[in-house]
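Inside the fold
This is what each chain is made of:
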Amino acid sequence: MTHIVQPDPREAGRPGALLRRERLYSSHLVDWRRQRDTGALEALARKRGPKPTDPARAQVERLRGENERLAKRLAQAEKIIEIQGKVSELLGLPLDPASDDEQSAT
């Protein structure tokens, strides 16, 4: 990119030789200088790869995943409780509904 600003001092007075050797046209230099002046080439200097993540967004995603996991566990626990109730009904074991309410309140 330094050749865009000024050619190598050894090539001074012979810019045509430099352009021919690099297989460039003077219009390339004009375009590159224009892009440099407008800041278009700064985009090439940006780091590649994943963008830095926002810590709040990462926490939201973590909490969302945890919420989904806990919702699945709750649904499974409710099914187990329902099955236990049916089994106790089949075996003739009475369940005390008042004790269930007290346990769920604590």
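Because the structure is a prediction, the values reported are computed rather than measured.

Structural notes on the overall build of the protein chain
Along the backbone of the protein chain there are six helices and zero strands. Sequence-ordered secondary structure for the protein chain, helices as α and strands as β, is α-α-α-α-α-α. Looking at the protein chain as a whole, 8% of its 106 residues are labelled buried.

Points about the environment of Leu-19
Its location among the elements puts Leu-19 in helix H2 (residues 15-21). Judged by its relative accessible area of 15%, Leu-19 is buried. As a C-alpha pair, Leu-19 and Leu-29 span ten residues in sequence and 9.3 Å in three-dimensional space. Setting aside residues up to four positions removed in sequence, Leu-19 forms contacts with Leu-24, Ser-26 and Leu-29.

What to know about helix H5 (residues 55-91)
Counted at 1.5 Å a residue, the expected span for H5 with its 37 residues is 54 Å, and the 54 Å between its end C-alpha atoms agrees. Two residues or fewer past H5, Gly-92 is found with a positive phi of approximately 80°.

Concerning the pattern of salt bridges
All chains considered together, the criterion is met by four salt bridges. For the salt bridge of Arg-34 with Asp-31, the shortest nitrogen-to-oxygen distance reads 3.5 Å. Residue Arg-34 and its partner Asp-31 are located together in helix H3 (residues 26-38), separated by three residues, close to a single helical turn. Of the residues examined, Asp-31 reaches a relative accessible area of 36% and is grouped as partly exposed. Glu-61 is the partner of Arg-64 in a salt bridge, and the nearest nitrogen-oxygen pair spans 3.2 Å. With Arg-64 and Glu-61 both in helix H5 and three residues apart, the pair spans about one turn of that helix.

Thoughts on the confidence of the model for the protein chain
For the protein chain, the mean per-residue pLDDT works out to 78, and 73% of the residues sit at or above 70. For the protein chain, the element scoring lowest by mean pLDDT is helix H1 (residues 2-5), at 51; H5 scores highest, at 94.

A word on a nonpolar patch on the surface
Nonpolar side chains collect at one region of the surface, where Ile-83, Val-87, Leu-91 and Leu-93 lie side by side and expose about 410 Å² of accessible area between them. Mapped onto the elements of the fold, Leu-93 is located in the loop between H5 and helix H6 (97-105).

Considering H3
The first and last C-alpha atoms of H3 sit 19 Å apart over 13 residues, in line with the 18 Å expected at 1.5 Å per residue. Immediately downstream of H3, the backbone of Gly-39 shows phi near 90°, a positive value.

Parameters at a glance
Residues numbered from 1 in each chain as written. Predicted model: local features only at pLDDT ≥ 70, side-chain atom pairs only at ≥ 80, totals over all residues. Heavy atoms only, no water. Helix = DSSP H or I, 4+ residues; strand = E, 2+ residues; numbered from the N terminus. Buried < 20%, exposed > 50% of the residue type's maximum accessible area, 1.4 Å probe, protein only. Contact = heavy atoms within 4.5 Å. Expected span 1.5 Å × (residues − 1). Salt bridge = Lys/Arg side-chain N within 4 Å of Asp/Glu carboxyl O. pLDDT = per-residue confidence, 0-100. Patch = residues over 30% accessible without salt bridge, like charges linked within 9 Å, V, L, I, M, F, W, Y side chains within 5 Å. Areas by Shrake-Rupley, 256 points an atom, 1.4 Å probe, with all protein chains shown as cover.

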